[in-house]
Amino acid sequence: VLMWSAAEVAEALDTTAVAVNSALQRAHTRIDEMGLSADDVAEPSETASRVMVERYVTAFERADIAALTRLLTDDVVMEMPPIRNWFRGPENYGLFIARSYSTRGLDWRMIPTTANGQPAVAAYVRAADGVYRIHTLQVFTLRPDGICHLTVFQDEAVFAIFQLPATVPDGRLP
């Protein structure tokens, strides 16, 4: 498991270590307010997680918005730091993805990976020259009932940290 210091996270997000620690303290406070503990957080098995991500990849590459939204929990949240916009619920996620397909096209390759111990995918979209170019790193939080959180990074610094190639000519990693 890769662990980052507050300074490393701050550098990756172009902010300060103080801001990172403050956000972490607020998150811990919110978890405490909700009365949650580590025992309350149910995660799917490794096999179930892999299957869920594989289904997401298949649905995304087929531009099957209905299949994508079926994989999401009713309270799913998608965020795209550092952008302050976020989307809650499968319907809003579906609307966002439909717009992405209409502006970026339907030819995508999703390459499963991990990010800080969480399942993730690197999303590559096919450009006019036929080369698949990195578009996002999508990091998932999973529950047994589905994907409950997507954190989507569209930042070259994040791609570099996770050593994601800028292009994959045939949609596969070398």
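Scroll up a little and you will see the structure.
Residues numbered from 1 in each chain as written. Predicted model: local features only at pLDDT ≥ 70, side-chain atom pairs only at ≥ 80, totals over all residues. Heavy atoms only, no water.

**Student:** Can you help me understand the environment of Gly130 in this one?
**Tutor:** Looking at where Gly130 falls in the secondary structure, it is placed in the loop between β4 (118-126) and β5 (132-143). Sequence-wise, Gly130 and Leu106 are 24 residues apart; in three dimensions their C-alpha atoms are separated by 13 Å. (Helix = DSSP H or I, 4+ residues; strand = E, 2+ residues; numbered from the N terminus.)

**Student:** In this structure, what is going on with unusual backbone geometry? I would like to understand it.
**Tutor:** What you tend to see is this: most non-glycine residues have negative phi, and most peptide bonds are trans. Residue Pro81 is joined to Pro82 through a cis peptide bond whose omega torsion reads 5°. Looking at the element boundaries, Pro82 is found in the loop between β1 (72-80) and β2 (83-88). Although it is not a glycine, Gln163 sits at a positive phi angle of roughly 55°. Here Gln163 lies in the loop between α6 (156-161) and β7 (167-168). For Gln163, a relative accessible area of 69% corresponds to the exposed category. (Buried < 20%, exposed > 50% of the residue type's maximum accessible area, 1.4 Å probe, protein only.)

**Student:** I'm lost on the pairing of β1 in this one. Help?
**Tutor:** Regular strands place side chains that alternate from one sheet face to the opposite one. Relative to strand β6 (residues 146-153), β1 runs parallel, the two sharing 4 bridges. Residue Leu72 lies in a different strand from β6, and its bridge partner there is Ile147. Here β1 folds back onto β2, and the loop between the two strands holds 2 residues. (Pairing = 2+ DSSP bridges.)

**Student:** Sorry if this is basic, but what is going on with the pattern of salt bridges here?
**Tutor:** Pairing between side chains of opposite charge can happen when their charged atoms approach one another. Within this structure, the stated rule accounts for 6 salt bridges. Linking Glu54 and Arg50 is a salt bridge whose minimum nitrogen-to-oxygen distance equals 3.7 Å. With Glu54 and Arg50 both in helix α3 (residues 46-61) and 4 residues apart, the pair spans about one turn of that helix. Glu54 gets classed as partly exposed once you look at its relative accessible area, which sits at 41%. Here Arg50 falls in the partly exposed class, since its relative accessible area comes to 45%. Among the salt bridges present, the one from Asp75 reaches Arg143, with a minimum N-O distance of 3.0 Å. Remark: Arg143 occurs in strand β5 and Asp75 occurs in strand β1; sequence separation between them is 68 residues. By relative accessible area, which is 35% here, Asp75 ends up partly exposed. Residue Arg143 is classed as partly exposed on the basis of its relative accessible area of 26%. In this structure, a network of salt bridges that share partners links the residues Asp75, Arg143 and Asp145. (Salt bridge = Lys/Arg side-chain N within 4 Å of Asp/Glu carboxyl O.)

**Student:** How should I be thinking about the layout of surface pockets in this particular structure?
**Tutor:** One water molecule sets the probe size; rolling that probe over the atoms shows where empty space is left. The space that makes up the second largest pocket amounts to roughly 360 Å³. The dominant element in the lining of the second largest pocket, judged by the number of residues it contributes, is helix α5 (residues 90-104), at 7 residues. When the residues that make up the lining of the second largest pocket are grouped by side-chain class, the tally is 13 nonpolar, 6 polar and 3 charged. (1 Å grid on protein atoms, 1.4 Å probe; cavity = no way out; pocket = protein on both sides within 12 Å on 5 of 7 lines; lining within 4 Å. Points joined across faces, edges and corners; volume = space filled by probe spheres on them. Nonpolar A, V, L, I, M, F, W, Y, C, P; charged D, E, K, R; others polar.)

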